Amino acid sequence: MPGILDYHEASKHSPASVRASARRLDWANQPYPYKEYLGDLPAVDLGMPGGSLRFSALDAVAGRPGAPARPLDAGLLARLLGYGASVTRKRSISATEAWYFRSYASAGGLYPVELYVLTGGLPGVEPGLYHYHPMRRALTRLRSGDHRGNAVAAAAGEPALAEAPLVLALTGIPWRTAWKYGPRGFRHLYWDAGMITINLLALAAAAGLPGRVVVGFADGGVEQLLGIDGQTEVPLCLLAIGAGSPAPAAVDAPRLDLAWRGLSAQETAYPEVLAAQASGRLEPGQVNAWRDVAERPNPPISFGPGPSDTLEAVILRRGSARSFDPVPMAGGTLATILDRATRGVPTDYAPGGSQLIEPHVIANRLDGLEPGAYRYNQAFALLGAGDFSSEAGFLCLEQALGRDAAATHFLMADLPAVLAKLGQRGYRAAQLEAGVTGGRIYLAAEAHRIGATGLTFYDDEVTAFFAPPGAEPRSCMLVTAVGPATRRLLPRA
């Protein structure tokens with residue numbers, strides 16, 4: 001069976017591959033962006049809470065918990081999901097058509113990630129397994145009763161899951177993104193999941209609740225629990241939110257046979273995507289052996305002067321820059337953004353914080369930081385001085401956004417080292433962490449009221465540009481550009 005590096009190699013962009021694969025999109029066959037269950041299923045309307053928790057976005061993004069912890073109930077769940085993953089903006093494009101944008105960045109606005117909720121019962125929400133509808137901001141109940149123990153069993157007793165009153169499961173629907181991006185869309189599933197994950201982790205932190213990302217679980221157990229088939233919809237990660245509520249033992253969870261609305265008149269399966277997901281698959285007896293805990297203590301959070309906008313305000317304001325203004329940005333602002341963005345991600349394989357991603361930066365226009373290429377690891381290390389703005393644009397699929405940004409971030413991973421430690425499933429972790437890091441950059445930039453946007457890239461050309469002589473080359477996972485930007489996808493009203 002081909003390994004994940006075979007997929008990575010085959011899904012790379014190059015100037016030649018991009019030109020050869022150019023094709024028209026079949027807009028009439030564009031996938032429907034919501035999972036709609038058919039039939040009369042019980043539902044809980046959560047709505048969208050007003051106000052905010054009055055907690056700094058920068059502190060929440062960095063993972064500093066608010067105090068004291070707020071009790072989990074339907075209102076707080078509505079806040080987590082409403083600000084974390086729901087539709088927050090509408091843009092009319094004709095008298096009868098509109099685009100609906102969610103609270104996180106998604107390539108092409110395709111939103112391939114679905115979200116499920118497991119709870120043992122919260123005030124206002126009965127015990128059960130639910131699916132979250134981001135437009136209606138409602139929970140559809142798929143199973144009655146407390147099934148958190150089934151998620152714990154699938155994750156081989158992962159401690160944070162075993163104590164969490166709230167377990168969130170993120171899944172991906174490959175066709176929604178492959179419709180536009182083909183086999184490379186597998187990467188987009190995990191980027192989008194990372195963007196949602198940082199919203200949810202930051203919102204949990206603002207409420208004083210611990211959060212942990214769980215990547216190690218038996219795929220089949222989670223598929224059975226959620227009622228998905230592992231092909232048209234695949235499990236991506238679990239999130240443990242809160243503590244102090246022990247899950248019961250696993251209970252019988254018979255196969256769900258619930259109908260839901262089709263996505264397109266015709267759907268194309270991409271075997272490369274299925275093979276990539278299958279390459280990291282874990283069976284029940286493999287999860288504990290896979291999980292290799294390696295603590296990485298986070299450096300203390302600095303509390304220098306900076307914007308104090310609340311997290312909710314920043315999430316609602318966030319939108320991708322459509323162009324960057326040709327004016328400088330303060331180097332100290334970029335340092336603050338990267339300080340927040342590179343806090344370790346709390347995971348099951350590194351509870352103290354995993355950092356598989358290391359930003360490499362082309363600095364174009366930054367006051368106090370000379371133009372050049374840098375590596376960032378709690379400080380800027382100059383790799384080469386000079387004006388590389390044209391190179392940044394070329395590396396980002398020859399897009400002006402990469403060239404014109406004040407700073408263009410290439411989120412790099414040492415894939416051989418990641419796979420040596422975490423096996424084939426480590427590829428999922430690296431792509432997910434890239435999405436988390438990119439999402440943090442988005443939010444920290446917006447907290448400073450500057451623009452950000454995610455970009456794709458020429459894989460090998462990025463590696464060659466940043467590779468120092470004699471060092472192991474790193475692979476680019478995702479690109480995020482930042483800088484002053486008057487023109488946003490959805491400017492603030």
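This is a predicted model, so every value here is computed, not measured.

*Asks:* What is the right way to read the pairing of strand 5 (residues 128-133) from this model?
*Replies:* On a regular strand, each side chain points to the face opposite its neighbour's, so the side chains alternate between the two faces of the sheet. Burial within strand 5 is extensive, with six of its six residues counted as buried. Residues Gly128, Tyr130 and Tyr132 line one face of strand 5 and the alternating positions Leu129, His131 and His133 line the opposite face, and both faces are buried. With four bridges joining them, strand 4 (residues 113-119) and strand 5 adopt antiparallel strand pairing. Across the sheet, tyrosine 116 pairs through a bridge with histidine 131, a residue of strand 5. Two strands pair when backbone bridges link them, and strand 5 and strand 6 (residues 138-144) are joined in this way by six bridges, in the antiparallel orientation. Paired with leucine 129 across the strands is arginine 143, a residue of strand 6. Connecting strand 5 to the antiparallel partner strand 6 that follows it, the hairpin turn spans four residues, and arginine 137 within it adopts a positive phi of roughly 50°.

*Asks:* Explain the packing of aromatic side chains to me, please; I cannot follow it from the model alone.
*Replies:* Note on aromatic pairs: each is described by the distance of the centres and the angle between the planes. For the structure on display, the rule yields 15 aromatic pairs. A centroid spacing of 5.5 Å and a plane angle of 90° characterise the contact between tyrosine 104 and tyrosine 111, whose relative ring orientation is edge-to-face. In this structure tyrosine 104 comes out as buried when scored by relative accessible area, which is 3%. Under the relative-accessibility criterion, tyrosine 111 is labelled buried at 4%. Pairing phenylalanine 186 with tyrosine 190 gives two aromatic rings, centres 5.4 Å apart and planes at 65°, and the pair type is edge-to-face. Taken as a pair, phenylalanine 186 and tyrosine 190 lie in helix 8 (residues 185-206) at a separation of four residues, close to a single helical turn. The exposure classification of phenylalanine 186 matches that of tyrosine 190, with both residues buried. Every member of this aromatic cluster is reached through a ring pair, and the members are Tyr7, Phe186, Tyr190 and Tyr427. When the ring centre of tyrosine 32 is taken as reference, the NZ or CZ atom of arginine 261 above it lies at 3.6 Å. Sitting above the plane of the tyrosine 442 ring, arginine 318 keeps its charged end 5.1 Å from the centroid.

*Asks:* Would you explain the pattern of salt bridges in this entry?
*Replies:* Where charged atoms from two side chains of opposite charge come close, those side chains can pair. One pass over the full model with this rule turns up 26 salt bridges. Notably, a salt bridge pairs arginine 79 with glutamate 312, separated by 3.1 Å at the nearest N-O pair. With arginine 79 in helix 4 (residues 74-85) and glutamate 312 in helix 12 (residues 311-317), this pair connects stretches of sequence that are 233 residues apart. For the pair arginine 79 and glutamate 312, one class covers both residues: buried. The partner of aspartate 309 in a salt bridge is arginine 317, and the shortest N-O contact between them spans 2.9 Å. Here the two residues aspartate 309 and arginine 317 agree in accessibility, since each one is buried. The structure contains a network of salt bridges with shared partners spanning Asp309, Arg317, Glu446 and Arg449.

*Asks:* Is there a simple way to explain the nonpolar core in this structure?
*Replies:* In this structure, Leu81, Leu115 and Phe410 are the most contacted members of the largest nonpolar core, which totals 126 residues. Top contributing element to this core by residue count: helix 8, with 14 residues. Beyond its immediate stretch of four places on either side in the chain, leucine 115 contacts Leu81, Ala85, Tyr130, His131, Tyr132, Leu168, Ala169, Leu170, Ile196 and Leu200. Ranked by size, the runner-up nonpolar core spans 23 residues in total, among them Ala151, Ala154, Ala169 and Phe217.

Parameters at a glance
- Residues numbered from 1 in each chain as written.
- Predicted model: local features only at pLDDT ≥ 70, side-chain atom pairs only at ≥ 80, totals over all residues.
- Heavy atoms only, no water.
- Buried < 20%, exposed > 50% of the residue type's maximum accessible area, 1.4 Å probe, protein only.
- Helix = DSSP H or I, 4+ residues; strand = E, 2+ residues; numbered from the N terminus.
- Pairing = 2+ DSSP bridges.
- Phe/Tyr/Trp six-rings, centres within 6.5 Å; stacked < 30°, edge-to-face > 60°.
- Lys NZ or Arg CZ within 6 Å of the ring centre and 35° of its normal.
- Salt bridge = Lys/Arg side-chain N within 4 Å of Asp/Glu carboxyl O.
- Core = buried A, V, L, I, M, F, W, Y, C linked by side-chain atoms within 4.5 Å.
- Contact = heavy atoms within 4.5 Å.

The analysis is restricted to geometry; functional conclusions fall outside its scope.
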